[in-house]
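Residue-level structural notes
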Amino acid sequence: MNLPERSPQPPEMRASDADRDQVAQVLREAAGEGRLTLDELDERLTAVYTAKTYAELEPVTRDLPTTGAPRQPPAFGAPISDAPSWKRGFAFCSEFKRQGVWNVPEKFTGFAFWGGGKVDLREARFTPGQEVRIRAFAIMGGIDVIVPDDLTVHVKGLGVMGAFDPTASGPGVPGAPRVVVQGLAFWGGVNVKRKKRKTKD
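In this report, the structure presented in the accompanying data block is examined. What you are looking at is a predicted structure, and each value in this text was computed from that prediction instead of being measured.

We now examine the overall build of the chain. Looking only at helices and strands, one finds three helices and 11 strands in the chain. The order of helices and strands in the chain, counted from the N terminus, is α-α-α-β-β-β-β-β-β-β-β-β-β-β. Across the 201 residues of the chain, 42% fall into the buried class. Put simply, 65% of the contacts in the chain that link residues at least 6 apart link residues at least 24 apart. For the chain, the exposed area adds up to about 11,000 Å²; of that, 53% sits on carbon and sulfur atoms.

So this is what it looks like as structure tokens:
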């Protein structure tokens, strides 16, 4: 792979965080296309985030196709005045859904007791450089959080006799909004998934 396009640099040149994020994005796309298994993806991502020089980054994508062009961050939709902006979701023996086009607040709280919830950010609108904190509490219930695969995600929740899956944690493209998912799953589950952004013609 051609690392960030610039004048030729010696292999011993120190890599930046942006360089590592760019390589990580190439790996995620390759896994999404079936070129890498999940185990291979985890192994290579570990190598990327421990790499210190271009010489250490270059072999990670050597067997993957690439155009060599610098990757540009997608345009994240700005908030729109007539879209809803939910700050919470509550489900008691029922369910809630926050999806479609909506303006994401800085903090969102979801609670599901004997019920379920869905927070889908694939068509959501963000302010530039926004950090979103989603607090998810699933008590004998479940909450699904779906995040576009180009956003930065940090999962910090706790599972007690339940599951709070951290595997979706990872960087997005440079300049992407940051989503932090935290909270508690007690006899329930909080599932955070990365999926491709929904687009419209």
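Still to come is the rest of the account.
A surface patch of nonpolar side chains, amounting to about 420 Å² of accessible area, comprises L158, V160, M161 and W187. One can find M161 in the loop between β8 (158–160) and β9 (163–164). Classification of M161 as exposed rests on a relative accessible area of 58%.

The tally for this structure, following the rule as stated, stands at six aromatic pairs. Between F90 and F111, the ring centres sit 5.6 Å apart and the planes meet at 10°, which makes this aromatic pair stacked. Taken as a pair, F90 in strand β1 (residues 88–92) and F111 in strand β3 (residues 107–113) lie far apart in primary sequence, 21 residues in all. Given the relative accessible area of 54%, F90 is considered exposed. You can call F111 partly exposed: its relative accessible area is 29%. Centroid distance F92 to F113: 5.5 Å. Interplanar angle 0°. Geometry classified as stacked. One end of the pair, F92, is in strand β1; the other, F113, is in strand β3, with 21 residues separating them in the sequence.

Right, let's get into the pairing of strand β6 (residues 142–148). In terms of residue burial, β6 counts as a mostly covered element, since five of its seven residues are buried. Of the strand pairs in this sheet, β6 and strand β11 (residues 189–195) are connected by seven bridges, and their pairing is parallel. Of the residues in β11, the one forming a bridge with V147 is R194.

Scanning the model with the defined rule gives nine salt bridges in all. Its salt-bridge partner being E58, residue R62 comes within 2.5 Å of it at the nearest N-O pair. With relative accessibility at 26%, the residue E58 sits in the partly exposed group. Note that E131 and R133 form a salt bridge whose closest N and O atoms lie 3.3 Å from each other. E131 sits in the partly exposed class, given a relative accessible area of 31%. Its relative accessible area of 29% is what places R133 among the partly exposed residues. Each of E131, R133 and R178 takes part in one network of salt bridges that share partners.

Quick notes on the rules
Residues numbered from 1 in each chain as written. Predicted model: local features only at pLDDT ≥ 70, side-chain atom pairs only at ≥ 80, totals over all residues. Heavy atoms only, no water. Helix = DSSP H or I, 4+ residues; strand = E, 2+ residues; numbered from the N terminus. Buried < 20%, exposed > 50% of the residue type's maximum accessible area, 1.4 Å probe, protein only. Contact = heavy atoms within 4.5 Å. Areas by Shrake-Rupley, 256 points an atom, 1.4 Å probe, with all protein chains shown as cover. Patch = residues over 30% accessible without salt bridge, like charges linked within 9 Å, V, L, I, M, F, W, Y side chains within 5 Å. Salt bridge = Lys/Arg side-chain N within 4 Å of Asp/Glu carboxyl O. Phe/Tyr/Trp six-rings, centres within 6.5 Å; stacked < 30°, edge-to-face > 60°. Pairing = 2+ DSSP bridges.

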